[in-house]
Amino acid sequence: MKKIWEGMHEVKPALLMMVAQIAYAGVNVLYKLAANDGMSLKVIVAYRFLFATVFIFPLAFFIERKIRPKLTWKILFQAFFCGLFGGSLVQNLYIQSLNVTSATFASAMSNLIPAITFILAVSFRLEKLNLGSSSGKAKVLGTLVGIGGAMLLTLYKGVEINIWSTHVNFLNHGQHNLNHVVSTNEYGNRVLGCFFSVASSTCYSIWLIIQTKMSKDYPCFYSSTALMSLMALLQTVIYALCTERDLNHWKLGWNIRLLTATYSGTVASGLMVTLISWCVSLRGPVFVSIFNPLLLVLVAMAGSLILDEKLHLGSVLGGVLIVCGLYLVLWGIRKEMKKLKLAPTSNTFGDQSASIDIVVLAPTTNIPTNS
């Protein structure tokens, strides 16, 4: 029995990470369905952070009430920009990309985050190219391969791939479809979707740098998450109120809108934060990050099965290149960590390797990384 229990303890992190990716795949599908139902994209994001804030604040208050440091203006300033780049901007841009393209396309493009983070880290001299080492070459090559995959995904469509057909399309059940972009220029939509995805990934990478600094000054996981969610809530609500004056867009009711807001806020930005942080502390960021491409597979399957999204050769080839680039970057990072004998959950930004790794956990879920 002891061996069985130890074996279950070894398998548990992997099972939980699979559960997390399934949960995030559900967010992508629900976003698409809510937009098809006529719900404003901006309102969806605002409600997400509303439910996330309501969920995480009580946890932060009770769990960290004895260890929480004094709140200063500097912390609030950092939380504001964390909420801006890691919350309101990244989510609004991502959901726009998903709306004009597909859930599969947006999920595939989000795997570019490690490459963009690496480019930003080098630009700000937080990371060295180190082309003389195999790890440095792997990170540069992985970045180029990932960018090539994104370009292929955007510019080349190719033949349609029919793996299965369930004849189920929940999008046809929408009554309004006010926000879903309909255009005969599909190529233009893909380019626009690529722009939104890259912008979203860039914002997420900027947030990583800011969040790393904030985690030093305010090392309380739940409290920093609560502050970030609160700032993102204020920003998204103000933005949505200024752009969406029709109160019908704000009505939830017992429908897909309420389900999307509740699920994305409590499950994706709430429960999964705790789950992933536990896995990071137990196995390290490299272990957690290898599950990220599973999201692309799950979203592609869900989109094909229930949203009647068509898979094309360009999407498959581009997605494969992006995932290959991702693993090249991760391989380089892991080799550097072994060489420097760093702990996998190091939190100093001198250890940019660990920080860049963490950013690929879940790029569309507002997950602070304080490990």
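No experiment lies behind these values; they were computed from the predicted model shown.

Visitor: Kindly report on the overall build of the chain, identifying the contributing residues and their values.
Guide: Regarding its fold elements, the chain presents 13 helices and 2 strands. For the chain, buried positions account for 55% of its 371 residues. The contacts in the chain between residues at least 6 apart in sequence include a share of 88% that link residues at least 24 apart. Of the roughly 16,700 Å² that the chain leaves accessible, carbon and sulfur atoms contribute 70%.

Visitor: Any details on the nonpolar core? Residues and values, ideally.
Guide: If you look at the biggest cluster of nonpolar residues, it comprises 39 residues, and the most contacted ones within it are Ala20, Tyr24, Met39, Ile44, Tyr47 and Met272. Within the residue set of this core, elements represented by two or more residues are α1 (2–36), α2 (41–63), α3 (73–100), α4 (103–109), α8 (221–243), α9 (256–283) and α11 (292–306). Per-element tally for this core: the top contributor is α1, with 10 residues. Ala79, Val90, Met214 and Cys220 belong to the second largest nonpolar core, which has 18 residues in total.

Visitor: Explain the packing of aromatic side chains residue by residue, including any values.
Guide: Across all of its chains, the model carries 7 aromatic pairs by this definition. The rings of Phe77, Phe80, Phe81 and Phe85 are connected pair by pair, giving a single aromatic cluster.

Visitor: Summarise the packing of α2 against α3; cite the residues concerned and give the values.
Guide: Each packed pair of helices is defined by two parameters, the angle between the axes and the distance between the axes. One can describe the packing of α2 onto α3 by two numbers: an axis separation of 10 Å at closest approach and a directional angle of 135°. One way to sum up the angle between α2 and α3 is to call them oblique. Where α2 crosses over α3, the handedness of that crossing is right-handed. Taking contact as the criterion, the partners of Leu41, Lys42, Ile44, Val45, Arg48 and Phe49 in α2 are, on α3, Gly87, Ser88, Gln91, Asn92, Ile95, Gln96 and Asn99. The residue inventory of the contact of α2 with α3, partitioned by class, reads 5 nonpolar, 6 polar and 2 charged.

Visitor: Tell me about the packing of α2 against α8, and name the residues and values.
Guide: Taken N-terminus to C-terminus, the directions of α2 and α8 make an angle of 155°; their axes are 8 Å apart at the nearest point. What the angle tells us is that α2 and α8 run roughly antiparallel. Crossing angle aside, the handedness with which α2 passes α8 is left-handed. Tallied by class, residues from the contact of α2 with α8 come to 19 nonpolar, 6 polar and 1 charged.

Visitor: Can you break down the pattern of salt bridges residue by residue, with the values?
Guide: By the definition in use, this model includes 3 salt bridges. One salt bridge in this structure joins aspartate 37 and arginine 257, with 3.0 Å as the shortest N-O distance. Separated by 220 residues along the polypeptide, aspartate 37 in the loop between α1 and α2 and arginine 257 in helix α9 bring together distant segments of the chain. For the pair formed by aspartate 37 and arginine 257, the shared burial category is buried. Glutamate 244 is paired through a salt bridge with lysine 42; the nearest N and O atoms lie 3.7 Å apart.

Visitor: Summarise the confidence of the model for the chain; cite the residues concerned and give the values.
Guide: Looking at the chain as a whole, its pLDDT mean stands at 75, while 76% of the residues score no less than 70. The secondary-structure element of the chain with the lowest mean pLDDT is helix α13 (residues 352–358), recorded at 38, while α2 shows the highest, at 90. Within the model, pLDDT remains below 50 along residues 174–184, and this stretch shows 27 contacts once partners closer than five positions in the same chain are excluded. Across residues 342–371, where pLDDT falls below 50, the model places 112 contacts with residues more than four positions away in sequence or in other chains.

Visitor: Any details on the side chain of serine 88? Residues and values, ideally.
Guide: Residue placement: serine 88 occurs in helix α3. Overall, serine 88 belongs to the buried group, its relative accessible area being 6%. At 3.3 Å, the side chain of serine 88 forms a polar contact with the backbone oxygen of leucine 84. Aside from chain neighbours lying at most four places away, what touches serine 88 is Phe49, Gly83, Ala232, Gln235 and Thr236.

Visitor: I'd love a proper account of α3, names of residues and values included.
Guide: Every α-helix carries 3.6 residues per turn, so stepping three or four residues along brings you back to the same face. In a regular helix each residue adds 1.5 Å, so 28 residues correspond to 40 Å; α3 covers 39 Å between its end C-alpha atoms and thus fits that length. Where α3 bends most, at leucine 84, the angle is about 35°.

Visitor: Lay out a nonpolar patch on the surface in plain terms, naming residues and giving numbers.
Guide: A contiguous nonpolar surface patch, about 410 Å² in accessible area, is contributed by Ile119, Ile147, Met151, Leu155 and Val191. Ranked by the residues each element gives to the nonpolar patch, the list is headed by helix α6 (residues 134–155), at 3 residues.

Visitor: Give a description of the environment of lysine 70 that names residues and reports values.
Guide: In this fold, lysine 70 is placed in the loop between α2 and α3. Taking the relative accessible area as the measure of exposure, lysine 70 reaches 73% and is therefore exposed. Considering only alpha carbons, one finds lysine 70 and tyrosine 218, 148 residues apart in sequence, at a separation of 8.7 Å.

Visitor: Can you break down the environment of serine 269 residue by residue, with the values?
Guide: Here serine 269 lies in helix α9. With 245 residues separating them in the primary sequence, serine 269 and tyrosine 24 have C-alpha atoms 9.6 Å apart.

Visitor: So what's going on with the environment of methionine 214? Residues and values would help.
Guide: Examined against the element boundaries, methionine 214 turns out to sit in helix α7 (residues 186–217). Considering only alpha carbons, one finds methionine 214 and isoleucine 75, 139 residues apart in sequence, at a separation of 6.9 Å. Look past the residues within four positions of methionine 214 in its chain and what remains in contact with it is Ile75, Gln78, Ala79, Cys82, Ser224 and Leu227.

Calculation notes
Residues numbered from 1 in each chain as written. Predicted model: local features only at pLDDT ≥ 70, side-chain atom pairs only at ≥ 80, totals over all residues. Heavy atoms only, no water. Helix = DSSP H or I, 4+ residues; strand = E, 2+ residues; numbered from the N terminus. Buried < 20%, exposed > 50% of the residue type's maximum accessible area, 1.4 Å probe, protein only. Contact = heavy atoms within 4.5 Å. Areas by Shrake-Rupley, 256 points an atom, 1.4 Å probe, with all protein chains shown as cover. Core = buried A, V, L, I, M, F, W, Y, C linked by side-chain atoms within 4.5 Å. Phe/Tyr/Trp six-rings, centres within 6.5 Å; stacked < 30°, edge-to-face > 60°. Axes fitted to C-alpha atoms, helices over the stretch in contact; angles between N-to-C directions. Parallel < 35°, antiparallel > 145°, perpendicular 65-115°, else oblique. Left-handed = near helix turned anticlockwise from the far one by under 90°. Nonpolar A, V, L, I, M, F, W, Y, C, P; charged D, E, K, R; others polar. Salt bridge = Lys/Arg side-chain N within 4 Å of Asp/Glu carboxyl O. pLDDT = per-residue confidence, 0-100. Polar contact = N/O pair within 3.5 Å; in protein donor to acceptor, adjacent residues only side chain to side chain. Expected span 1.5 Å × (residues − 1). Bend = angle between axes of the 7 residues up to and from the residue. Patch = residues over 30% accessible without salt bridge, like charges linked within 9 Å, V, L, I, M, F, W, Y side chains within 5 Å.

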